[in-house]
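Fold and contact review
As a plain string of letters, each chain reads:
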Amino acid sequence: MSTSSAAAGLDALPGAVTTVPVALGSRSYDIHIGEGLIGRTGDLIKPLLRRPRTAIVTDENVARHHLEPLRDSLAGAGIASDTIVLAPGEATKSFADLARLCDWLLGTGIERGDCIVALGGGVIGDLAGFAAAVVLRGIGFVQIPTTLLAQVDSSVGGKTGINSSLGKNLIGAFHQPLCVIADTAALATLAPRELAAGYAEVAKYGLIGDAAFFAWLEDNAARLFAGDREALTYAINVSCQAKARVVAADETEAGARALLNLGHTFGHALEAAAGFGEKLLHGEAVAVGMAMAFRFSERTDVCRAGAAAEVSGHLASVGLPAVPRDLAFDLPGPEQMLALMRKDKKARDGRLTLILARDIGEAFIAPDVADSHVLDFLREELRR
Ligand code: GLY
């Protein structure tokens, strides 16, 4: 991590700006983290553009707060822009919206070598990134994540895609952005539920490999949820550094990147059961999923006794669900849940791979987990 003055315009910014590099050879890029960065996007991305024009992809909620400052900033740097405003929500990560977006991009006269801007949360970043991966067989894109979840996870690392009716994120491509601009001021407009959902992914970095960070979160979560900018910025920095390290070591998830899926196999199955909507946000599903992964780890005697209770206790203390019975929709039965878990991209020959833990900060990849163990566990977990 370094405090950057290399990117155009950063020196003039109020407040500190941190730049976390993602080292991927010719596809390397920077994550800029700081307050008010949306208003400096023009200067930040100008060096990345082949010609001074771009297309902005956003949603109705985000547009209300952030579209005008973004457009002003682009115009101020002499960059022309077209904009498409999509419906907010997970349902937008669909084939229908992908088709509409691709046709719209082509209609703007976009060319190979151009670069689009994804302004929004994980849904917009994943969808716009996937469109950028396939339109004209690949154009550039810049991520401007406006949710905590997108700032610490989905905007970094090049996973792009849409949902299938058979499961979450099952159609997609690895396509790295040219740069990520995380404006911490954007978090001020987030609903508390969205902030908590993003926090689940922050906590994930502690649970996977950084017990000291998890301890810091236990001590500082209240500050973070009260909007303390210093605490938020620190947590985003640590999270992005962790993600950048993992992605640089294993860009296409041939190995260790799978650790970032802690809680996701359980979580994605619950999201599918909830219908991918407002009933269960992705981060909420990850929170329950991580707590379940720790309970399963303890149950199978691989994890320190007491770790699961500490994890659940912390997640619950910030208002996140930690057990399936906290969820306000009809839970699937154990067999149905197992079938949903099998749709996971980590499954091999129909066998489940789970991310388990020996302790807080000590996650590991467990391939070939026996169905019978998972079913017994689900029978207990899904009892209401
Ligand atoms: N969200 C998990 C990953 O990027 O690998």
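Just above, that's the structure.
A brief look at the structure comes next. Residue numbering note: each chain is counted from 1, following its sequence as written. Reporting in this predicted model follows two pLDDT cut-offs: at least 70 for local features of residues, and 80 or more for side-chain atom pairs to be given and counted; totals over whole chains, interfaces and linings ignore these cut-offs and use all residues. Excluded from the side-chain calculations are hydrogens and water; all other atoms, namely the structure's heavy atoms, are used.

**Topic: empty space enclosed by the protein**
Test applied: With a 1 Å grid spanning the protein atoms alone, the term cavity applies to any set of points in which a 1.4 Å probe fits but cannot get out, the term pocket to an open set with protein on both sides within 12 Å along at least five of seven lines, and the term lining residue to any residue with an atom within 4 Å of a point. Grid points are joined across faces, edges and corners, and a volume is the space filled by probe spheres set on the points. Think of it this way: any DSSP run of H or I at least four residues long counts as a helix, any run of E at least two long counts as a strand, and we number them from the N terminus. Just so you know the grouping, Ala, Val, Leu, Ile, Met, Phe, Trp, Tyr, Cys and Pro go in nonpolar, Asp, Glu, Lys and Arg go in charged, and all remaining residues, Gly too, go in polar.
Summed over the entire model, instances satisfying the criterion amount to two cavities of 30 Å³ or more. Looking at the lining of the largest cavity, the element that brings in the most residues is helix α9 (residues 264-274), giving four residues. Taken together, the residues that form the lining of the largest cavity break down as six nonpolar, three polar and four charged. Roughly 30 Å³ of volume is contained in the second largest cavity. If you list the elements that add at least two residues to the lining of the second largest cavity, you get α9 and β11 (352-359). Here the lining of the second largest cavity takes three residues from α9, the largest share from any one element. Broken down by class, the residue content of the lining of the second largest cavity amounts to four nonpolar, four polar and no charged.

**Comments concerning the pattern of salt bridges**
Formally: Salt bridge, as applied in this entry: a Lys or Arg side-chain nitrogen positioned within 4 Å of an Asp or Glu carboxyl oxygen. Buried, partly exposed and exposed residues are distinguished by accessible area as a fraction of the type maximum, computed with a 1.4 Å probe on protein chains only: under 20%, between the cut-offs, and over 50%, respectively.
Taken as a whole and assessed by the stated rule, the structure comprises 27 salt bridges. With a closest N to O distance of 2.8 Å, D126 and K93 form a salt bridge. Residue D126 is located in helix α4 (residues 122-134), and its partner K93 is located in the loop between β5 (80-86) and α3 (95-107); the two are separated by 33 residues in the primary sequence. Each member of the pair, D126 together with K93, is buried. A salt bridge links R193 to E284, with the nearest nitrogen and oxygen atoms 2.6 Å apart. Here R193, found in helix α6 (residues 192-209), pairs with E284, found in helix α10 (residues 282-299); they are 91 residues apart in sequence, far enough to count as distant.

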